Amino acid sequence: MNGQRPRLFMPALVGGTVAGVLSGIPFLNCLCCLWIIGGAALAAYLLVKDSPVALTSGDGALVGAFAGIVAAVVDSLLAIPFRSMNMAFTKRIFERLGEYLNEVPSQWNDWINRGTGPISIAWFFVSLLISAAIFAAFGALGGVLGMALFGKKTPPTAHGAPGPPQASPPPPPQS
Amino acid sequence: MRNERKIILIYVLTFLGILIWLGAIGLAPYLRSRGIGLFPFIYACFSPICHQNPSRSFHLFGFPLAVCARCLGIYAGILVGMVLYPFKRGFLSVRLPKITLFLAVSTPIGIDTAANVFALWSTSNPIRFVIGFLWGFILPFYFLTGLVELALHFHKN
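Given the structure is predicted, the values throughout are model-derived calculations rather than measurements.

Asks: Explanation requested: the overall build of chain A in the structure shown.
Replies: When its secondary structure is counted, chain A shows five helices and zero strands. In chain A, buried positions account for 41% of the 175 residues. Summarising the internal contacts of chain A: among those between residues at least 6 apart in sequence, 83% fall at separations of at least 24.

This is the structure:
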């Protein structure tokens, strides 16, 4: 968190898009939250790469949280075309389970049938908000981890606050 | 002193968050077993971050939990890590733990996940849980440190 902080937008956009695409594609989403953490770590890496000064874990948390929000948007948009495919997959799993169980609870069928219907706009936005909150938390975690992995070291001061940046930017030209 | 109070508040809120998170994971199968209509909503909340494959999940009340065994292990690990966090680090430290520690605990989950994805072997749910737990345990030591640093920055400004 220094004076010459690089812009968060592009790293968050790139990291979030990668995370959102990978977590939205069926089969690839078997890695659960790891894509979000990975995408946020990528955002932190891009932030560090473009930064002339040493950044802190707080910077990582911030860019990671933004990357998580971007990932939630991308994931929700991708979910629209992939939804029926996912539900067909889930339906097959439940059919398999039905072979082992004597009686499949009626709620299961209700749940699946509800999932195959068209998405309401209200539900889309509610799920987007929930995803954004969850992805932002995972993104913040990924961003901090990314900063720990790729960040330049700052010597902490005696009272625990991060020290001054290692490299100072040149002074602005006098006009 | 004001900083410390703010940091403790962040800690308490995060701790409550993970408790609610774990509670919701167990609540979903309970509601489902009782036929209470809220359960699809809870399962849906967890669906973007977990594949929820029933065969890879622990069951409660006859129904799968809202997340798979590995994810449950990660969240359980986070909870235990959070309990130990103040004793290991105190509240004011903004120095991240050594990254070698993170890489060491990430190796088992990385290898096991890759091996399962590429069908090299199939791990049982209890082992998935333990591997996830090991990884989750270390995460609060990074996550909370980042949040604390962020809070101190905003406080300073």
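Following the structure, the description resumes.
Asks: Looking at this structure, how should I read the overall build of chain B?
Replies: A count of helices and strands for chain B gives five helices and two strands. Along chain B, from the amino end to the carboxyl end, the secondary structure elements read α-α-β-β-α-α-α. The C-alpha extent of chain B, read off along each of the three principal axes, is 50 × 40 × 25 Å. Burial analysis of chain B (157 residues in total) assigns 38% to the buried set. Counting only contacts in chain B whose residues sit at least 6 apart along the sequence, the fraction spanning at least 24 positions is 73%.

Asks: For this particular structure, what's the right way to read the packing of helix α1 (residues 9–24) of chain A against helix α2 (residues 34–50) of chain A?
Replies: Any two packed helices are characterised by how steeply their axes cross, that is the angle between the axes, and by the distance between the axes. Residue and element names in this part refer to chain A. Remark: α1 packs on α2, axes separated minimally by 8 Å, with the N-to-C direction vectors making an angle of 160°. For the element pair α1 / α2, the angle class is roughly antiparallel. Between α1 and α2 lies a crossing of right-handed hand. Contacts between α1 and α2 involve Pro 11, Ala 12, Val 14, Gly 15, Gly 16, Val 18, Ala 19, Leu 22 and Ser 23 from the first element and Trp 35, Ile 36, Gly 38, Gly 39, Ala 40, Leu 42, Ala 43, Leu 46 and Leu 47 from the second. For the contact of α1 with α2, a count of residues per class yields 13 nonpolar, five polar and no charged.

Asks: Before we go on, may I ask you to explain the interface of chain A and chain B in this structure?
Replies: Many structure descriptions define interface size as the accessible area lost when the parts assemble. Listed per partner, the contact involves 36 residues of chain A and 31 residues of chain B. Of all the secondary-structure elements, those providing two or more residues to the side of chain A that touches chain B are α3 (57–100), α4 (106–116) and α5 (121–150) of chain A. Counting residues per element, the side of chain A that touches chain B draws most heavily on α5 of chain A, which supplies twelve residues. Classifying every residue of the side of chain A that touches chain B by side-chain character gives 23 nonpolar, eleven polar and two charged.

Asks: So what exactly am I meant to see when it comes to unusual backbone geometry here?
Replies: It is generally the case that most residues other than glycine have a negative phi and that most peptide bonds are trans. Residue and element names in this part refer to chain B. At Gln 52, a residue that is not glycine, the phi angle is positive and equals roughly 55°. Inspection of the secondary structure puts Gln 52 in the loop between α2 (39–46) and β1 (59–60). In this structure, Phe 61 takes a positive phi of about 55° despite not being glycine. Looking at the element boundaries, Phe 61 is found in the loop between β1 and β2 (63–64).

Asks: Would you explain the confidence of the model for chain B in this entry?
Replies: Predicted coordinates in areas of low pLDDT are best not read in detail. Summarising the model, chain B shows a mean pLDDT of 89, and 97% of its residues fall at 70 or more. Here the complex is predicted with pTM 0.77, and the ipTM for its interfaces comes to 0.80.

About the criteria used
- Residues numbered from 1 in each chain as written.
- Chains lettered and ligands numbered in written order.
- Predicted model: local features only at pLDDT ≥ 70, side-chain atom pairs only at ≥ 80, totals over all residues.
- Helix = DSSP H or I, 4+ residues; strand = E, 2+ residues; numbered from the N terminus.
- Buried ≥ 20, exposed ≤ 12 C-beta atoms within 10 Å, placed from the backbone.
- Contact = placed C-beta atoms within 7 Å.
- Axes fitted to C-alpha atoms, helices over the stretch in contact; angles between N-to-C directions.
- Parallel < 35°, antiparallel > 145°, perpendicular 65-115°, else oblique.
- Left-handed = near helix turned anticlockwise from the far one by under 90°.
- Nonpolar A, V, L, I, M, F, W, Y, C, P; charged D, E, K, R; others polar.
- pLDDT = per-residue confidence, 0-100.

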